[in-house]
Amino acid sequence: MVDVLAAPQQAKADSALRTLTGISVAHWVSHFHIFVLPMLFPFLKQQLGVGYVELGLALTLFAVVSGLTQAPIGYLADHIGARKILLIGLTVGGCALIGLGLHLSYTSLIVCAVLLGLANSVYHPADYAILSAHMDEARMGRAFSIHTFAGFLGGAVAPAIMAALVASIGGLGALIVAGAVGPLVALFLIVLGIPDAGANKNKAKDDAKPKASVITPALMVLTAFFTLLSLSTSGINNFGVVALMGGYGASFSTANIALTAFLGASAAGVLAGGYLADWTHRHSQVAAGCFAVNAALVLLIALLDLPPVALTLAMGLAGFLGGVIAPSRDMMVRNAAPPGAAGRAFGIVSTGFNFGGIVSPLLFGWIMDQHMPHWVFGASVVFMVLTVLLALVTERKPQASGYQAETASPRG
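Within any chain, residue numbers begin from 1 and follow the written order of that chain's sequence. Reporting of local features is limited, given that this is a predicted model, to residues whose pLDDT is at least 70; pairs of side-chain atoms are given and counted only at 80 or more, and all residues count toward the totals for whole chains, interfaces and linings. Excluding hydrogens and water, the side-chain figures rest on all heavy atoms present in the structure.

Student: Please provide a residue-by-residue account of the environment of Ile325, values included.
Tutor: With respect to the secondary-structure elements, Ile325 resides in helix H12 (residues 308-336). Whether two residues are in contact is decided by their heavy atoms: any pair within 4.5 Å suffices. The residues touching Ile325, leaving out its near neighbours within four places in the chain, are Leu229, Val286, Ala287, Cys290 and Phe291. Secondary structure elements are taken from DSSP: a helix is a run of H or I of four residues or more, a strand is a run of E of two residues or more, and numbering for both begins at the N terminus.

See the structure below:
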């Protein structure tokens, strides 16, 4: 009798594990694909004969398309199924990179960036819809953390993978292989049997929520906070390698190892930050403290020509501290969300990442074209200091009501 009762529970657990594994692998691909083009900037600049502003424009278009299509893609995921949307996104993103590898031109680069932006917009709506529908409620937070970690990990290993691919099969081959990962993972999800999900069943409840009350001063401040967070790190993410090579005499290998340390430590920091966020309600102070130390480390990198080992250690610690604040950042949004509106609150403040993604490539591309590679890190320090100040401002906001109302929400 015990075995009969235990069998359905074990089957449910196995299904949840398969779902979490598949969705996390898809999220890994999304972040890996985000970094493919920036990691190939030296190759693309040489082959296409363009400046860093032109290359940065491609990343700006990626961010614009991704930001503008988030809501429509979320609507489609609700109405035709999140699983289908996710599979399409993986395939479109992969084919965009393959197409660029087969026909390299600046026009093809722009088309690739637009398609990558469209593909990138599917992951959060589809991933969170599927996880919310099929994960155990008691373990929802941990499922979201693993999902986030997988995305960070995809970005963390991208520099090393792309460097190895360029060294072994060249830039064009690297584009094709990196792109092929998308359709292959889509096929993997089909074989794995990832379940479908949609939000139509929650439509009545969502419509009943007071939409106007979501636009609050606290959430507008947090949107600015998210924008500054994006500006603080995206310059290092996208232009760190070329800045280290151009201004510090670092080799391509050394620069990529340093950036890999930064991104890999960020992924580890996300997991550590989850425990820290559970231990304290002072999430704004946690974010401010971590980013203040982060600013000091990046300032050190900007001002000094560090040897490779010291550079890698400094970049790694800066990345770890940047990752630690991610759970506290999300808790700040949950605390500020009006009762019953946590989902829409996260949607609003997350547009800050898109704002930063639009401005950052052009700004840091202009910095590189002005032959000021040290200012890739210097400008990041300025944005980090502003982030610290804004985080301290949000600490003054009353947080109890929003947090208590949303404690049971899996989106927090």
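More follows now that the structure is in view.
Student: Any chance you could break down helix H4 (residues 82-102) for me, citing the residues and the numbers?
Tutor: An α-helical turn contains 3.6 residues, so a residue and the one three or four places further along point in the same direction. If you check H4, its first and last C-alpha atoms are 30 Å apart, about what 21 residues at 1.5 Å a residue would give, namely 30 Å. Buried, partly exposed and exposed residues are distinguished by accessible area as a fraction of the type maximum, computed with a 1.4 Å probe on protein chains only: under 20%, between the cut-offs, and over 50%, respectively. The complete set of buried residues in H4 reads Ala82, Ile85, Leu86, Leu87, Gly89, Leu90, Gly93, Gly94, Ala96, Leu97, Leu100 and Gly101. By this rule, a helix spans an expected 1.5 Å times one less than how many residues it contains.

Student: Run through helix H9 (residues 217-247), naming residues and quoting values.
Tutor: The sharpest bend along H9 reaches about 70° and sits at Phe239. Extensive coverage of H9 is indicated by the burial of 24 of its 31 residues. Backbone geometry just downstream of H9 places Gly249 in the positive-phi region, at approximately 70°. To get the bend at a residue, fit one axis to the 7 residues ending there and another to the 7 starting there, then take the angle between the axes.

Student: Kindly report on the packing of aromatic side chains, identifying the contributing residues and their values.
Tutor: Only rings of Phe, Tyr and Trp enter the pairing, Trp through its six-membered ring, and a pair is recorded when the two centres are within 6.5 Å. The plane angle decides the type: under 30 degrees is stacked, over 60 is edge-to-face, the rest tilted. Applying the stated criterion across every chain yields a total of five aromatic pairs. What links up through ring pairs into an aromatic cluster is the set Phe41, Tyr52 and Phe239.

Student: Can you break down the nonpolar core residue by residue, with the values?
Tutor: The term nonpolar core refers to a set of buried residues drawn from Ala, Val, Leu, Ile, Met, Phe, Trp, Tyr and Cys, joined through side-chain atoms within 4.5 Å. Counting residues in hydrophobic clusters, the biggest one holds 84 residues, and the most contacted among them are Leu44, Met162, Phe225, Met315 and Phe377. If one sorts the elements of this core by residue count, H9 sits on top with 14 residues. Domain assignment of the residues forming this core places at least three in each of domain 1 (12-199) and domain 2 (214-396). The residues touching Met315, leaving out its near neighbours within four places in the chain, are Ile236, Ala258, Leu259, Phe262, Ile301 and Phe377. The split into domains, and so the bounds of each, comes from an automatic or database assignment of domains.

Student: For the packing of H9 against helix H14 (residues 374-394), give the residues involved together with the corresponding values.
Tutor: Across the interface, H9 lies against H14 with an axial gap of 8 Å and an inter-helix angle of 160°. The orientation of H9 with respect to H14, classified from their angle, is roughly antiparallel. For the element pair H9 and H14, the recorded crossing hand is left-handed. Residue polarity follows a fixed list, in which Ala, Val, Leu, Ile, Met, Phe, Trp, Tyr, Cys and Pro are nonpolar, Asp, Glu, Lys and Arg are charged, and the others, Gly among them, are polar. When its residues are assigned to classes, the contact of H9 with H14 shows 18 nonpolar, eight polar and no charged. Axis lines are fitted to C-alpha atoms, over the contacting stretch for helices. Their N-to-C directions set the angle, which ranges from 0 to 180 degrees. Here the angle decides the label: under 35 degrees means roughly parallel, over 145 means roughly antiparallel, 65 to 115 means roughly perpendicular, and every other value means oblique. Two helices cross in a left-handed way if the nearer one is turned anticlockwise from the farther one by less than a right angle. They cross in a right-handed way if the turn is clockwise.

Student: So what about the confidence of the model for the protein chain? Which residues, and what values?
Tutor: Note on scores: pLDDT gives the predictor's confidence for each residue, bounded by 0 and 100. For the protein chain, per-residue confidence averages 81 on the pLDDT scale, and residues scoring 70 or more make up 82% of the total. pLDDT under 50 marks residues 397-412. Its contacts with residues more than four places away, or in other chains, come to 31 contacts.

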